[in-house]
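Coordinate analysis (summary)
Given next are the chains, with one letter for each unit.
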Amino acid sequence: MNALRLILVVALLAGCGSKGSGAGADAPRPAPDRASLAVTVRAEPKKGWRDPRTHDTQYDTSMIGAGRAYETVEYAQLDDVVVWVESSDAPQVTQTITLDVARPSTPVVVCGTRDSWKVENSGADPLSVYARFESGQVVDLGTVAPRAAVTHVPKATGYVELLSDERGYPLARLYVAPIPSGAGKRARVVRAGIKVVFDNLAPGPARVTAWHPRLPGSSASVNLTAGETTSAALVVGVNQLPKVP
Amino acid sequence: MRRAMSLLLALWITAAAALPVNTFDRAATERATGAVAGRVTAATGKLPDMIVYLEPLDPSVALAPPDKVEVVSQKGAKFAPSLLVIARGQTVEFRNDEQRPIEHNVFSRSPSKPFDLGLFPPPDAKRVTFSDAGPVQLYCSIHRYMDGVIYVCPTPLFATVGPDGSFSIEHVPSGQWKLRTWQRSARFNDVEQTVRVEADGRATVNVEMKRG
């Protein structure tokens, strides 16, 4: 019986390790001279908060449904979490991201600082498009004629909205990660709680960061080992902010 | 002894360099009769939620913030007002004015003032003093659509731009100032222009907003 317990404990410890095959069991083992990084981002509600839908039987749940004023942040299904990894071997290739301004897209799209945006207009009307960066900088992308496109390379990092004088809502939402390119899948947009694996990385020190449009993100430094998958856990949520008494 | 004196002198010089030497208290600012007025224009569209403010060209000039504590209410899972403009050093009271026992958790992750007010039910209130200039985005960690902005101006000399683009900043002490713009939902790049205000004088500045 004791031997069985010992086997169970050893098996559990192997599964919880921060390195080795257990961390990326669902991903192929990296080549002997390359490394992988498995990242899980947990969206964390405010400590002490009890969801009234499950804890307060008197609570009027009709006012917190989707689209209503009191709709709550769904931490278990938090979308638009941007994750990127900075390692010593940034990809030399860049990518072009196509954004159709006639078909506004809500999810955040991620790219790197050398990646291009191809802003195309599949609609019937011309659109005067501009980009609003997180810093407050506004860049005119010009008028995009129907069935035409313009190309732009962002000059700043951070959150960006593509807008138009003719529309009252964002045509696209982007995040320019502080890496040369999102190519090689070095940057992803994920849902919280889902493990994402960055592969084909150079062994050595690396940094992985999670960002969200609304909630504070986090970063972690990791040391990648050749031939292995290293694990990292990041948190998105308010609990690390300075508290006001 | 000489070494101690040198140290004291160095400390005094450091302190003198760090502190503004030309401070206008509240009464001095209210007595000032200068003004800066003008009009903001843009090639296309309107300029909603736009402010203009003055910052002294001389960094040693400082203006005391108003004593008034401003209020941002949370009711109906909304911030009211959703845009508040204050001066650096001013305090804001966040009030949970919900009529039902609904908690809020107001926070900001803006670099100029990251904070977390914690969970608080109605009718509780919490106060925050804003010591650095810049925009402070407000959110609630519980309610998805609650967002607001506090813009902290470096001085109490600010005005909201009207629907016709006009503005007027009163009680401006004489001197040289930088007039700056800020838009809540920026459609153009913000502008900075230098303006000289004579004692009792009214300076006019017209601003044209453009994109880069």
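1. Brief notes about the overall build of chain A
Along its length, chain A carries 2 helices and 15 strands. For chain A, the proportion of its 245 residues judged to be buried stands at 48%. Taking as baseline every contact in chain A between residues at least 6 positions apart, the subset at least 24 positions apart corresponds to 66%. With the model as given, the accessible surface of chain A reaches about 12,200 Å², and the carbon-plus-sulfur share is 54%.

2. A closer look at the overall build of chain B
Of the regular secondary structure elements, chain B holds 2 helices and 18 strands. Its C-alpha atoms put chain B at 65 × 55 × 35 Å along the principal axes. Considering chain B as a whole, with its 212 residues, one finds that 49% of them fall into the buried category. Summarising the internal contacts of chain B: among those between residues at least 6 apart in sequence, 63% fall at separations of at least 24.

3. What about the domain arrangement of chain B?
By a widespread convention, an interface's size corresponds to the accessible area lost as its parts come together. Residues and elements named next belong to chain B. Taken as a whole, chain B is organised into domain 1 (32-63 + 155-212) and domain 2 (65-153). Between the C-alpha centres of domain 1 and domain 2 there is a distance of 25 Å. Contacts between the two partners involve 9 residues from domain 1 and, on the opposite side, 13 residues from domain 2. With both chains or domains summed, domain 1 and domain 2 bury close to 970 Å², and 69% of this area falls on carbon and sulfur atoms. At the boundary of domain 1 and domain 2, one finds 0 salt bridges. Inspection of the region where domain 1 meets domain 2 yields 3 residue pairs in polar contact (both at pLDDT 80 or more). A breakdown of the residues in the side of domain 1 that touches domain 2 according to their chemical character gives 6 nonpolar, 1 polar and 2 charged.

4. A closer look at the interface of chain B and chain A
Counting residues at the interface gives 35 residues for chain B, matched by 35 residues for chain A. Taking both sides of the interface into account, the surface hidden between chain B and chain A amounts to around 3,000 Å²; carbon and sulfur atoms contribute 52%. By the criterion of area lost to chain A, the three top residues of chain B are Arg109, Asp116 and Arg211 of chain B, representing 22% of everything that side buries. Between chain B and chain A we count 4 salt bridges in total. One salt bridge in this structure joins Arg187 of chain B and Asp165 of chain A, with 2.9 Å as the shortest N-O distance. Put simply, the parts of the chain that give the side of chain B that touches chain A at least two residues each are β9 (106-108), β10 (115-116), β11 (125-129) and β12 (134-140) of chain B. With 3 residues, β11 of chain B is the single largest residue contributor to the side of chain B that touches chain A. Looking at side-chain class alone, the side of chain B that touches chain A contains 15 nonpolar, 10 polar and 10 charged residues.

5. Focus on unusual backbone geometry
A cis amide bond links Ala80 of chain B with the next residue in sequence, Pro81 of chain B, at an omega value of 0 degrees. Tracing the backbone shows Pro81 of chain B in the loop between β6 (78-80) and β7 (83-87). Cis geometry is adopted by the peptide bond preceding Pro123 of chain B, which originates at Pro122 of chain B and carries an omega value of 5 degrees. Positionally, Pro123 of chain B belongs in the loop between β10 and β11. In this structure, Asp80 of chain A takes a positive phi of about 60 degrees despite not being glycine. Considering the arrangement of structural elements, one finds Asp80 of chain A in the loop between α2 (52-55) and β2 (81-86). Look at Ala77 of chain B: it is not a glycine, yet its phi comes out positive at around 55 degrees. Looking at the element boundaries, Ala77 of chain B is found in the loop between β5 (70-75) and β6.

6. Looking at the nonpolar core
Membership of the largest hydrophobic core comes to 30 residues, with the highest contact counts inside it found for Leu37, Val39 and Val81 of chain A. Where this core is concerned, the elements lending two or more residues are β1 (35-44), β2, β12 (195-201), β13 (204-211), β14 (218-224) and β15 (229-237) of chain A. Take this core: its biggest share by element is 5 residues, from β1 of chain A. Excluding residues that lie within four positions of it along the chain, Val39 of chain A makes contacts with Val83, Ile194, Lys195, Val196, Phe198, Val208, Ala232 and Leu234 of chain A. Val36, Val52, Phe167 and Met209 of chain B belong to the second largest nonpolar core, which has 26 residues in total.

7. Details of the side chain of Asp115 of chain A
Residues and elements named next belong to chain A. Mapped onto the elements of the fold, Asp115 is located in the loop between β4 (108-111) and β5 (116-120). One polar contact links the side chain of Asp115 to the main-chain amide nitrogen of Gln95, over a distance of 2.9 Å. Separated by 2.8 Å, the side chain of Asp115 and the backbone nitrogen of Gly182 make a polar contact. Setting aside residues up to four positions removed in sequence, Asp115 forms contacts with Thr94, Gln95, His152, Val153, Pro154, Pro180, Ser181, Gly182 and Ala183.

8. Focus on the pairing of β14 of chain A
All names here are of chain A. Strand direction decides the pairing type here: β13 and β14, joined by 7 bridges, are antiparallel. Residue pairing in the sheet places Thr209 in a bridge with Ser219 of β14. As consecutive antiparallel partners, β13 and β14 are separated by 6 residues.

9. Topic: the environment of Gly134 of chain B
Along the polypeptide, Gly134 of chain B turns up in strand β12. Once residues within four sequence positions are removed from consideration, Gly134 of chain B is found in contact with Ser112, Ile150, Tyr151 and Val152 of chain B.

10. Re the sheet that holds strand β11 (residues 187-190) of chain A
Residues and elements named next belong to chain A. The strand order across the open sheet formed by 4 strands is β11-β2-β13-β14, and the pairing between neighbours is antiparallel. Of all the strands in the sheet, the pair left with one neighbour each is β11 and β14. Averaged over all pairs of adjacent strands, the angle between their axes in this sheet comes to 20 degrees, without regard to strand direction. Across 4 bridges, the pairing between β2 and β11 is antiparallel. Bridging from a neighbouring strand, Val81 pairs with Val190 of β11.

Scoring rules and cut-offs
- Residues numbered from 1 in each chain as written.
- Chains lettered and ligands numbered in written order.
- Predicted model: local features only at pLDDT ≥ 70, side-chain atom pairs only at ≥ 80, totals over all residues.
- Heavy atoms only, no water.
- Helix = DSSP H or I, 4+ residues; strand = E, 2+ residues; numbered from the N terminus.
- Buried < 20%, exposed > 50% of the residue type's maximum accessible area, 1.4 Å probe, protein only.
- Contact = heavy atoms within 4.5 Å.
- Areas by Shrake-Rupley, 256 points an atom, 1.4 Å probe, with all protein chains shown as cover.
- Domains from an automatic or database assignment.
- Buried area = accessible area lost by both parts, 1.4 Å probe.
- Salt bridge = Lys/Arg side-chain N within 4 Å of Asp/Glu carboxyl O.
- Polar contact = N/O pair within 3.5 Å; in protein donor to acceptor, adjacent residues only side chain to side chain.
- Nonpolar A, V, L, I, M, F, W, Y, C, P; charged D, E, K, R; others polar.
- Core = buried A, V, L, I, M, F, W, Y, C linked by side-chain atoms within 4.5 Å.
- Pairing = 2+ DSSP bridges.
- Axes fitted to C-alpha atoms, helices over the stretch in contact; angles between N-to-C directions.

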